[in-house]
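A structural walkthrough
Okay, here's what each chain looks like letter by letter:
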Amino acid sequence: MNDLGQLVENFRPPAFPGSLFLSFEGIEGAGKSTQIVSVKNYLESRDFRVIVLREPGGTSFGEKLRQAILGSKNPIHPVSEMHLFASSRAQLLTEVTMKELNVPGTVVIYDRYIDSSIAYQGKGRGLGTETILRTHQTFPLSLMPHKTFYLKIDPELSYRRQKVRNAPKDYFEKQGLEFYQKLVEGYEEALSVFPKRICAIDGSQGEKEVFNQIKEILDQLLFQEQKEF
């Protein structure tokens, strides 16, 4: 087993019977927010207790970091970026996520998780996937979602959707097309490292088509959970 494989072996999903940890990934404009709302509504209709959290953020500490990062007017060193996101993530896992997952029948949904770090800091900033994984070897950062939905779109579609949205751009959204291409490559690398956890879905489809594919995977996952618990 190579060094990367040994690092991957250390990651585990939370062991809380009857609860699920999910995450959504993708570049800007992929449709994460829309699908998270649809999934939340669907799961609640099936009597699950659903908690949606965003990264960075979700705690008082994390929201302050979010404001500092996304509102920065000056370049942030890649290593600083990596550790700031990891700090916010560790606090959110400890302060909120694990406590919520301890309640049976709970589904915690993250808007971004470690795969964003692989894409943005690992590939986009050039730190490398191995560096990101090494930073996450210590608990609670070694916790992984049971399933991740990666909504795939190309940088050109991302730019078109951002233009239609016409919202103020944050620190990362201001980056150029070349950076976005690196993000896509980073997500593809994350997919190759975690092929069982990450489900890649064509985000260029209509909202309903994307949701139906997510729902099919979710139903299989929920059926498996019910069999085990």
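Please read these numbers as outputs of a predicted model, since none were measured by experiment.

Once that is clear, we can look at the overall build of the protein. Broken down by element type, the protein carries nine helices and five strands. Of the regular secondary structure in the protein, the N- to C-terminal order runs α-β-α-β-α-α-β-α-α-β-α-α-β-α. Overall size of the protein, expressed as C-alpha extent along the three principal axes, is 50 × 40 × 40 Å. Within the span of the protein, comprising 229 residues, buried residues form 50% of the whole. A separation threshold of at least 6 residues defines the contact pool for the protein, and within that pool the share at least 24 residues apart is 81%. With the model as given, the accessible surface of the protein reaches about 11000 Å², and the carbon-plus-sulfur share is 52%.

Let's shift gears to the sheet that holds strand E5 (residues 198–202). The five strands lie next to each other as E2-E3-E1-E4-E5, forming an open sheet whose pairing is parallel. Looking at the sheet topology across the chains shown, the edges are occupied by strand E2 (49–54) and E5. Each adjacent strand pair in this sheet contributes to an overall mean axis angle of 20°, direction not counted. Of the pairings in the sheet, the one linking strand E4 (residues 147–152) to E5 comprises five bridges and is parallel in character.

This structure, assessed with the given rule, holds 10 aromatic pairs. Ring geometry for Tyr110 against Tyr113: centres 5.3 Å apart, planes inclined by 80°, an arrangement best described as edge-to-face. Geometrically, the ring pair formed by Phe179 and Tyr180 is edge-to-face, given 6.5 Å between the ring centres and 80° between the ring planes. Members of the aromatic cluster, connected to one another through ring pairs, are Tyr120, Tyr159, Phe179 and Tyr180. For the cation-ring pair, Arg197 lies above Phe194, with the distance from its terminal atom to the ring centre recorded as 4.5 Å.

The end-to-end C-alpha distance of helix H2 (residues 32–45) is 20 Å, a good match for the 20 Å that 14 residues give at a rise of 1.5 Å each. Listed in full, the buried residues belonging to H2 are Lys32, Gln35, Ile36, Val39, Tyr42 and Leu43. Here the buried residues of H2 occupy an arc of 130° about the axis, which is enough to place them on one side. Once H2 finishes, Asp47 follows within two positions and takes phi at roughly 70°, a positive value.

Right, let's get into the nonpolar core. In this structure, Leu43, Ile109 and Ile214 are the most contacted members of the largest nonpolar core, which totals 66 residues. A per-element tally of this core places helix H4 (residues 78–101) first, with nine residues. When near neighbours in sequence (up to four residues on either side) are disregarded, Leu43 contacts Leu22, Phe48, Val50, Val107, Ile109, Leu218 and Leu222.

Further remarks concern unusual backbone geometry. Residues Glu55 and Pro56 are joined by a peptide bond in cis, for which omega reads -15°. Relative to the elements of secondary structure, Pro56 occurs in the loop between E2 and helix H3 (60–70). A positive phi angle is found at Asp47, which is not glycine, with a value near 70°. For Asp47, the position within the fold is in the loop between H2 and E2. Under the relative-accessibility criterion, Asp47 is labelled exposed at 72%. A positive phi angle, close to 90°, is found at Arg112, a residue other than glycine. Turning to its location among the elements, Arg112 is positioned in the loop between strand E3 (106–111) and helix H5 (114–124).

Rules used in this analysis
- Residues numbered from 1 in each chain as written.
- Predicted model: local features only at pLDDT ≥ 70, side-chain atom pairs only at ≥ 80, totals over all residues.
- Heavy atoms only, no water.
- Helix = DSSP H or I, 4+ residues; strand = E, 2+ residues; numbered from the N terminus.
- Buried < 20%, exposed > 50% of the residue type's maximum accessible area, 1.4 Å probe, protein only.
- Contact = heavy atoms within 4.5 Å.
- Areas by Shrake-Rupley, 256 points an atom, 1.4 Å probe, with all protein chains shown as cover.
- Pairing = 2+ DSSP bridges.
- Axes fitted to C-alpha atoms, helices over the stretch in contact; angles between N-to-C directions.
- Phe/Tyr/Trp six-rings, centres within 6.5 Å; stacked < 30°, edge-to-face > 60°.
- Lys NZ or Arg CZ within 6 Å of the ring centre and 35° of its normal.
- Expected span 1.5 Å × (residues − 1).
- Arc of directions from axis to C-beta.
- Core = buried A, V, L, I, M, F, W, Y, C linked by side-chain atoms within 4.5 Å.

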